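Architecture at a glance
Single-letter residue listing:
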Amino acid sequence: MYEEILEDIAHNSALRETNTAVKLATGAGAILLCLLSPGFFAPLFVAVTLVLALVLLARVDIHTLLHVYMAPALFALFSIAVIVLVSGGGECFWRWQPLPWFALSLSRDGINQGVLVLARFAGGTTAIAFIALTTPMTDLFAVMKRARVPDEVTDLAMIIYRTIFVIMAHVVQVYRAQIMRLGYSTFRESVRSFATLCGAVFIASWEAGEDLVRAMEARCYDGKFAVLGRDRPPAPLSVAAVALFFLTTGALAVTTADITLI
Amino acid sequence: MHIMEGFLPLPWAAFWWAVALPCLGFGIYQLKRILSADREALPLLGVTGGFIFILSSLKLPSVTGSCSHPTGTGLSAICFGPFITSVICAIVLLFQSLFLAHGGLSTLGANIISMGVAGPVAGWVVYRILRDTRVHVYLTVFCVCAIADLVTYVVTSFELALAYPAAVGGVASSFVSFLGIFAITQVPLAIVEGIVLALVFKYIVTLKPEILIRLRVFPEEKIRAAAGDAP
C-alpha cells in the first residue's frame, strides 16, 4: 500500500536532477529495443544494465527493486506458462490433446518463445522502474504540458496525483485502526472491513474534492493550472552514455538474433 | 488485471494504442464539454481518479490466496459514464505503471481498451438496463461491478490470445487457455469486487446519500428507499 509507492524513492534518487527528457528517452528507448529484439539477449542486457544503473547511479536499494518485481512477476509467470503450453513448433517433449481443437504441449519453439517473453518482460519492467524510480511525477507534468497534451487531461492528472496522497493518508489511518480491532481476522470480516474502508475513502475523497473547489475558487481559479517546469539542460556525458547504451543494445539485438535457449 | 510490459509484440502493442486513441479522444471531448458547462466537475473527477487508483492498489480479500486488486471502474462508469471513465482510467493506468510497476507503457493501449473501455462500457450497459427497473440498487451495483471486472478479464485474455495464437486451434484455443488460467483468480475476484462495491454503495447511501442524488446515479426515490432499507 503506502510503502509500495515508488514516488518517494524517485524524489530521493541520485538521478533526480538529471534532465527529464534524457531519463524518459532512456526508458522509452529501452522498451522499444526490447520489443524490436528478436532474441532474448538484448532484453536481458537492458534489464541488467538498468538494474546496475539504478543501484550504482541512482542509489536505489536492491530490496526495493526486488519488491517492485514481485507483484507483476506473478501475473507474468501465469501468462508465460500459457504462452509456452499453447505455442507449438519444433521438437515436442510432451503433448496433451483433450479436444480436437485444443492441445497443450511442451515444445522447443514454445519454450524459446516463453524465454523471449520473459526476457522482454524483465527488460521492459526494468525500463519502467528506471523512469519510476528516478523521475517524480511533477517532472512528467511539465513534459506533458510541453508535449501539448490537452490542458484538461494534464490538469485532471495533476488533481488525481494530488488526491492520491490526501486519500492515502486517510486509508492508512482507517486500515491501521481496522487491523487493531481484528477487522481482517476472517474472510467474512475482511470483506466487511474492506467495504467500510472503501466507503469511508469515497466519502473522504468527495469532501476533499469539494474543499479543493472552494480553495481554488478563493484563489481565482480560471480553468487552467500553472505548471512549474524547472529542468536542467542535458549533460553531454549522460547523453553520450545513453547513446552508447542504445548502440550496444542494438548491436547485441542484431548479432544475437538467432541464439535461442534450447 | 493488467498486461505487463514486454508481453505484447510491437505490432500488437501499436494496434491496441491505435484502437485506444480514438476512444480517449472521444472521452477528452466529453470531458471538455462537461468542464465548459461546470468547472466544479474537474476536482470531483480528479478525486474519483484518486479513488480508483487507491482502490486498485489495495489488496482485496482473496479466496484463491493470490494477490488481487479491484478495478473500481464499474463505480466510475455508473457515476460518470464509460468514456469519461476511459480518460480517468488512462491516467490511473499510467500512474499505476509508474508508481507501482503494474502494467506497462507499450501495453498501456491494450490495458486502456480492456480496463478503461470494454469493462466500463459493459458495466454501463448493464447499469442502463437495470437502472429504471425494480431491481434493487445494491444488486444493480453488484452486477455492474462484477460484469465490468469479468469483461476486463475476458478482453485481456482475448488481447493475449491474438498476440499468441495456439499451434493447434489458433486464437480460439489460446483464448480458452488464457481464460481458464486466469479464471482461477479473476472469477472469484469479480464476485468479491461486486460484493465489496455493493457494500461501499450501501455505506454511501447510509451516510451521504446526497452525493448519489447530486450525481443522478439512480432516481432519488430509489436512493431514499435504499437508505430506508439500510440499518
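Note that the structure is a prediction, hence the values are computed from the model and not measured.

Some details on the overall build of chain B
When helices and strands are tallied, chain B shows nine helices and zero strands. In sequence order, the secondary structure elements of chain B are arranged as α-α-α-α-α-α-α-α-α. Rg of the C-alpha trace for chain B: 18 Å, near the compact-globule value of 17 Å for 231 residues, within the 12% margin. Over its C-alpha atoms, taken along the principal directions, chain B stretches across nearly 55 × 40 × 30 Å. A separation threshold of at least 6 residues defines the contact pool for chain B, and within that pool the share at least 24 residues apart is 70%.

Comments concerning the overall build of chain A
Each helix and strand counted, chain A has nine helices and two strands in total. Over its C-alpha trace chain A gives a radius of gyration of 23 Å, far above what one expects of a compact globule, namely 18 Å for 262 residues. Here the C-alpha coordinates of chain A stretch approximately 70 × 60 × 35 Å along the principal axes. For chain A, buried positions account for 37% of its 262 residues. Taking all contacts inside chain A whose residues are at least 6 apart in sequence as the whole, residues at least 24 apart take part in 73%.

A closer look at the interface of chain A and chain B
Listed per partner, the contact involves 72 residues of chain A and 68 residues of chain B. Secondary-structure elements contributing two or more residues to the side of chain A that touches chain B are α2 (20-36), α4 (62-86), β2 (102-107), α5 (108-134), α7 (151-180) and α8 (187-218) of chain A. A per-element tally of the side of chain A that touches chain B places α8 of chain A first, with 19 residues. In terms of residue class, the side of chain A that touches chain B is made up of 51 nonpolar, 15 polar and six charged.

With respect to the environment of Phe246 of chain A
Residues and elements named next belong to chain A. Relative to the helices and strands, Phe246 is located in helix α9 (residues 236-255). Residues Phe246 and Ile9 lie 237 residues apart in sequence; the distance between their C-alpha atoms is 26 Å. Apart from residues lying up to four places away in sequence, Phe246 is in contact with Gly29 and Leu33.

Brief notes about the packing of helix α3 (residues 73-80) of chain B against helix α5 (residues 108-131) of chain B
Residue and element names in this part refer to chain B. Relative orientation of the contacting elements α3 and α5 amounts to 60°, with a least axis distance of 8 Å. Between α3 and α5, the interaxial angle falls into the category oblique. Of the two elements, α3 crosses α5, and the hand of that crossing is right-handed. Side by side, α3 and α5 meet where Thr73, Gly74, Ser76, Ala77 and Ile78 of the first sit next to Met115, Gly119, Pro120, Gly123, Trp124 and Tyr127 of the second. The class makeup of the residues in the contact of α3 with α5 is six nonpolar, five polar and no charged.

So, the domain arrangement of chain A
Taken domain by domain, chain A consists of domain 1 (2-135 + 232-255) and domain 2 (142-218). The C-alpha centroid of domain 2 of chain A is placed 30 Å from the C-alpha centroid of domain 1 of chain A.

Details of the nonpolar core
Judged by nonpolar contacts, the single largest core of 152 residues is most densely connected at Ile160 of chain A together with Ile91 of chain B. Sort the elements by how many residues they give to this core and helix α6 (residues 137-163) of chain B lands first, with 16 residues. When residues of this core are assigned to domains, at least three fall in each of domain 1 (2-135 + 232-255) and domain 2 (142-218) of chain A.

Looking at the confidence of the model for chain B
All names here are of chain B. Residues of chain B with pLDDT of at least 70 account for 93%, and the chain-wide mean is 85. Segment residues 62-67 is flagged for pLDDT under 50; beyond a separation of four residues in sequence, or across chains, it makes twelve contacts in the model. Across the whole predicted complex the pTM is 0.89, and at the interface the ipTM reaches 0.86.

Points about helix α6 (residues 137-146) of chain A
Side chains that are three or four residues apart share a direction in an α-helix, a result of its 3.6 residues per turn. Buried residues of α6 of chain A: Met137, Leu140 and Phe141 of chain A, and no others. Looking straight down α6 of chain A, one finds that the buried residues subtend no more than 110° of arc, so they occupy a single side. The inward-facing, buried residues of α6 of chain A abut α1 (7-12) and α7 of chain A together with α4 (82-100) of chain B. Arg148 of chain A, located one to two residues past α6 of chain A, shows a positive phi value of around 60°.

Calculation criteria
All residue numbers refer to positions counted from 1 along the written sequence of the respective chain. To read the labels, note that chains go from A and ligands from 1, taken in the order they are written. Two thresholds apply to this predicted model, a pLDDT of at least 70 for residue-level local features and 80 or more for giving and counting side-chain atom pairs, whereas whole-chain, interface and lining totals are computed over all residues. Strands here mean DSSP runs of E at least two residues long; helices mean DSSP runs of H or I at least four residues long; both are numbered from the N terminus. We compute the radius of gyration from the C-alpha atoms alone; for a globule the expected value is 2.2 Å times N to the 0.38, where N is the number of residues. In this description, a residue-residue contact is defined by the distance between C-beta atoms placed from the backbone, which must lie within 7 Å. To assign burial, the other C-beta atoms lying within 10 Å of each residue's own C-beta are counted, with C-beta atoms placed from the backbone; 20 or more indicates buried, 12 or fewer indicates exposed, and intermediate counts indicate partly exposed. Charged residues are taken to be Asp, Glu, Lys and Arg, nonpolar residues to be Ala, Val, Leu, Ile, Met, Phe, Trp, Tyr, Cys and Pro, and polar residues to be all remaining types, Gly included. Think of each axis as a best-fit line through the C-alpha atoms, taken over the contacting stretch in the case of a helix, with angles from 0 to 180 degrees between the N-to-C directions. In this scheme, roughly parallel covers angles under 35 degrees and roughly antiparallel covers those over 145, while 65 to 115 is roughly perpendicular and the rest are oblique. Here a crossing is called left-handed whenever its near helix is offset anticlockwise from the far helix by less than a right angle, and right-handed whenever the offset is clockwise. Each domain span listed reflects an automatic or database assignment of domains. Each nonpolar core consists of buried Ala, Val, Leu, Ile, Met, Phe, Trp, Tyr and Cys residues. Their C-beta atoms, within 7 Å, join them into a set. A residue's pLDDT is the predictor's confidence in that residue, given on a scale from 0 to 100. Taken from the helix axis, the directions to the C-beta atoms give the arc we talk about.

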